[in-house]
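In case you want the letters, here they are:
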Amino acid sequence: MSLLEVRAVAKRFGGLQAVSDLTFGMADGEVLGLIGPNGAGKTTVFNLLSGFLAADAGEILFRGRSLRGLRPHQICHLGLTRTFQIVRPFPHLSVLENVKVGALARTASARDAAARARRVLEEIGLLAKAEVPAGELTLAERKRLELARALATEPVLLLLDEVMAGLTAAETERIVELVRAINRRGVAVLLIEHVMRAVMSLSERIIVLNYGERIAEGPPAVIANDPRVIEAYLGEEYVGAAQG
Ligand SMILES: Nc1ncnc2c1ncn2[C@@H]1O[C@H](COP(=O)(O)OP(=O)(O)OP(=O)(O)O)[C@@H](O)[C@H]1O
Ligand SMILES: [Mg+2]
């Protein structure tokens, strides 16, 4: 049985078809990239998968179970957790408290949640900031906090929405290594990312969305050379850069 099955899912906002007849699947432990121009519908797909929006049509199955009608916290409890493109930690709570909120998805004990949160912060490299109010973090640290908060829920499938946006090359490389380490532990990752070097190196397979429709799907090397993808998204400049 596959981990995730998305079958003919659609979502419209007024006159705008944000996601159209989208079908794809994911295997256990896979890293799948989801790319496409601004407004292509990528975050909307995450909202549908994580229960923040209801689909107009279609079906989403996670570990063989329909997600129809489930609330975000219920979906998270099943093992599907997402990060947010616009990161909004509780600014007055400490970094540790923010991650504890995630950990409480798995335990009712505040002490267990704190211990789990510390372990995740150590893995993410934020333990030194555990007592700092989240509002005082840099952007790169807030992105890592968002990742830590999601990891603390112990996902089977982690949806990452532009966790590298706005970071320096060195900060991006650090997140790439973190995502790799998370995946090595068996967590499947669905990755929305505009940083092509990162998405190409992490993903086993990439789906390209444009105006809510899948225009291509395949391994990174094939996607990078697909004329439809280049025209809709990557652009001539990218081709030039890729060819060095
Ligand atoms: N809740 C909403 N209500 C109305 N329109 C929305 C809503 N959410 C998204 N949209 C619209 O749906 C389209 C797809 O948006 P979405 O955020 O999914 O794009 P995206 O691929 O994530 O883009 P980006 O790369 O800029 O993050 C856009 O035109 C957006 O304005
Ligand atoms: Mg988005």
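This one's a predicted model, so the numbers in the text were calculated from it and none came from an experiment.

Draft legend 1. Local environment of the pairing of strand 4 (residues 57–62). As paired elements, strand 1 (residues 4–13) and strand 4 share 5 bridges and run antiparallel to each other. Bridging across to strand 4, L4 finds its partner in F62. Relative to strand 5 (residues 65–66), strand 4 runs antiparallel, the two being bridged by 2 bridges. Counterpart to F62 in the pairing with strand 5 is R65. Taking the residues between adjacent antiparallel strands as the criterion, strand 4 and strand 5 are bridged by 2 residues, where R63 takes a positive phi near 50°.

Draft legend 2. Layout of the site of ligand 1. Close to ligand 1 lie F13, L16, A18, G36, N38, G39, A40, G41, K42, T43, T44 and Q85, which account for all nearby residues. Those elements that place two or more of their residues in the shell around ligand 1 are strand 2 (16–26) and helix 1 (42–49). Top element by residues in the shell around ligand 1 is helix 1. It accounts for 3 residues. In the shell around ligand 1, the residues fall into 4 nonpolar, 7 polar and 1 charged.

Draft legend 3. Layout of the domain arrangement of the chain. If you check the domain split of the chain, you get domain 1 (4–79 + 155–242) and domain 2 (89–154). Computed over C-alpha atoms only, the centres of domain 1 and domain 2 are separated by 24 Å. Where the side of domain 1 that touches domain 2 is concerned, the elements lending two or more residues are helix 2 (72–78) and helix 6 (169–184). If one sorts the elements of the side of domain 1 that touches domain 2 by residue count, helix 6 sits on top with 4 residues. The class makeup of the residues in the side of domain 1 that touches domain 2 is 8 nonpolar, 2 polar and 1 charged.

Draft legend 4. Up close: the pairing of strand 9 (residues 205–210). Examined bridge by bridge, strand 3 (residues 31–35) and strand 9 share 4 bridges and lie parallel to one another. Following the sheet pairing, I35 is matched in strand 9 by V208. Where strand 9 lies against strand 10 (residues 213–218), 5 bridges are found, and the strand directions are antiparallel. Looking across to strand 10, one finds that V208 is bridged to A216. Connecting strand 9 to the next strand, strand 10, in antiparallel fashion are 2 residues, including Y211 with a positive phi near 45°.

Draft legend 5. Just the packing of helix 3 (residues 95–103) against helix 5 (residues 139–151), in detail. Two elements in contact, helix 3 and helix 5, have axes whose closest approach is 7 Å; the angle formed by their N-to-C orientations is 35°. Along this stretch, helix 3 crosses helix 5, giving a crossing that reads as right-handed. Along the contact surface, helix 3 presents V95, N98, V99, V101 and G102, while helix 5 presents L145, A148, R149 and A150. Class assignment for the residues of the contact of helix 3 with helix 5 results in 6 nonpolar, 2 polar and 1 charged.

Draft legend 6. Here's a closer look at helix 6. In a regular helix each residue adds 1.5 Å, so 16 residues correspond to 22 Å; helix 6 covers 22 Å between its end C-alpha atoms and thus fits that length. Taken residue by residue, helix 6 has T172, I175, V179 and I182 as its buried positions. Buried residues of helix 6 fall within an arc of 80° about the axis and therefore sit on the same side. With respect to the buried face of helix 6, the exposed residues turned more than 90 degrees away are A169, A170, E177, A181 and R184. Packing partners of the buried residues in helix 6 comprise helix 5, strand 7 (157–161), strand 8 (188–192) and helix 7 (196–202). Just past helix 6, the residue G186 takes up positive phi, approximately 105°.

Draft legend 7. Region of the structure containing the sheet that holds strand 6 (residues 80–82). Strands sit in the order 6-7-8-3-9-10 across an open sheet of 6 strands; the sheet is mixed. Each having just a single partner strand, strand 6 and strand 10 make up the two edges of the open sheet. For this sheet the average axis-to-axis angle between neighbouring strands, irrespective of direction, equals 15°. Bridge analysis of strand 7 against strand 8 gives 5 bridges, and the strand direction is parallel. Residue pairing across strands places L159 opposite L190, the latter belonging to strand 8. Each of strand 3, strand 6, strand 7, strand 8 and strand 9 is contacted by helix 1, which is oriented at about 150° to strand 7, the strand it contacts most.

Draft legend 8. A look at the sheet that holds strand 5. Pairing within the open sheet is antiparallel, and its 4 strands lie in the order 2-1-4-5. What marks the edges here is a single partner per strand, and that holds for strand 2 and strand 5. Its contacts with the sheet place helix 1 against strand 1, strand 2 and strand 4, and it is angled at close to 65° to strand 2.

Conventions adopted
- Residues numbered from 1 in each chain as written.
- Chains lettered and ligands numbered in written order.
- Predicted model: local features only at pLDDT ≥ 70, side-chain atom pairs only at ≥ 80, totals over all residues.
- Pairing = 2+ DSSP bridges.
- Helix = DSSP H or I, 4+ residues; strand = E, 2+ residues; numbered from the N terminus.
- Near = placed C-beta within 6 Å.
- Nonpolar A, V, L, I, M, F, W, Y, C, P; charged D, E, K, R; others polar.
- Domains from an automatic or database assignment.
- Axes fitted to C-alpha atoms, helices over the stretch in contact; angles between N-to-C directions.
- Left-handed = near helix turned anticlockwise from the far one by under 90°.
- Contact = placed C-beta atoms within 7 Å.
- Expected span 1.5 Å × (residues − 1).
- Buried ≥ 20, exposed ≤ 12 C-beta atoms within 10 Å, placed from the backbone.
- Arc of directions from axis to C-beta.

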